[in-house]
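An overview of the molecular structure
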Amino acid sequence: MQYLTDFFYNLLVFFAYLTPGNYVWIGIILITLLIRFVFLKPSLKLVEVQHKQKKLAPKLEELKGKHKDDKEALQKATLELYKQEGVNPFSGCLPMIVQLVVLIAFYRIFTQIGMQELKAEHLYSFVPRPESINHFFFKIDLSKTVSQIFNEGGVIGYLSLLFPILAGGTQLIQSLQTRAL
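The sections below set out a description of the structure shown in this document. Please read these numbers as outputs of a predicted model, since none were measured by experiment.

Brief notes about the packing of helix 1 (residues 2-18) against helix 5 (residues 93-113)
Relative to each other, helix 1 and helix 5 sit at 80 degrees, their axes nearing to 9 Å. On the basis of the axis angle, helix 1 is roughly perpendicular to helix 5. In contact with Gln2, Leu4, Thr5, Asp6, Phe8, Tyr9 and Leu12 of helix 1, helix 5 contributes Val101, Val102, Ala105, Phe106, Arg108, Ile109, Phe110, Gln112 and Ile113. Counted by class, the contact of helix 1 with helix 5 contains eleven nonpolar, three polar and two charged residues.

The structure is reproduced here in structure tokens:
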């Protein structure tokens, strides 16, 4: 996992290097957009599979009623139904797995490596290095946890609560969108 963390640390430093002011938060946004673009097709496939599974729900319930006492027969019938309808329930898992891995890598970057200063031991030799990186997002220090920022008080402390609220809200919206299909 350390290699992956170092890879994303270098990617983050590289994108911060490319931005005027060497802002880390712009690097995070660029990496997020890059990953979303790379996994756009698999993500759309996931939505398509979920849509097909929702259409198959009545047939699956019928199979459950028909094979309620024989789990092996239910499993075989379910797999046969998926095969007939051209549904692979595991085909859309890749984007979710990649998002989880990237999230863990960024968590490790901010908790173990830190962003207050560049750590040369984690940087690849070919990655351009800015003199310094700017780890502030509108006066909010991204190298600190939300609880540390909140405990400092003031307006910034209360504004820091928006990060987890926005993260939870966007996840809720995304899950509602996939359920609406």
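Comments concerning the environment of proline 164
Among the secondary structure elements, proline 164 is positioned in helix 8 (residues 162-180). By relative accessible area, which is 44% here, proline 164 ends up partly exposed. C-alpha separation for the pair proline 164 and valine 146, spaced 18 residues apart in sequence, amounts to 8.3 Å.

Some points on the packing of aromatic side chains
Going through the model one piece at a time under the given rule, you end up with five aromatic pairs. Three or more aromatic residues link up through ring pairs in this structure, and these residues are Phe7, Phe8 and Phe106.

Describing the side chain of asparagine 10
Within the secondary structure, asparagine 10 sits in helix 1. Of note is the side chain of asparagine 10, whose polar atom sits 2.6 Å from the backbone oxygen of aspartate 6. Here histidine 122 takes part through its backbone oxygen, which lies 2.8 Å from a polar atom of the side chain of asparagine 10. Not counting the four nearest positions on each side in its chain, asparagine 10 is found in contact with His122, Leu123, Tyr124 and Val127.

Definitions and cut-offs
- Residues numbered from 1 in each chain as written.
- Predicted model: local features only at pLDDT ≥ 70, side-chain atom pairs only at ≥ 80, totals over all residues.
- Heavy atoms only, no water.
- Axes fitted to C-alpha atoms, helices over the stretch in contact; angles between N-to-C directions.
- Helix = DSSP H or I, 4+ residues; strand = E, 2+ residues; numbered from the N terminus.
- Parallel < 35°, antiparallel > 145°, perpendicular 65-115°, else oblique.
- Contact = heavy atoms within 4.5 Å.
- Nonpolar A, V, L, I, M, F, W, Y, C, P; charged D, E, K, R; others polar.
- Buried < 20%, exposed > 50% of the residue type's maximum accessible area, 1.4 Å probe, protein only.
- Phe/Tyr/Trp six-rings, centres within 6.5 Å; stacked < 30°, edge-to-face > 60°.
- Polar contact = N/O pair within 3.5 Å; in protein donor to acceptor, adjacent residues only side chain to side chain.

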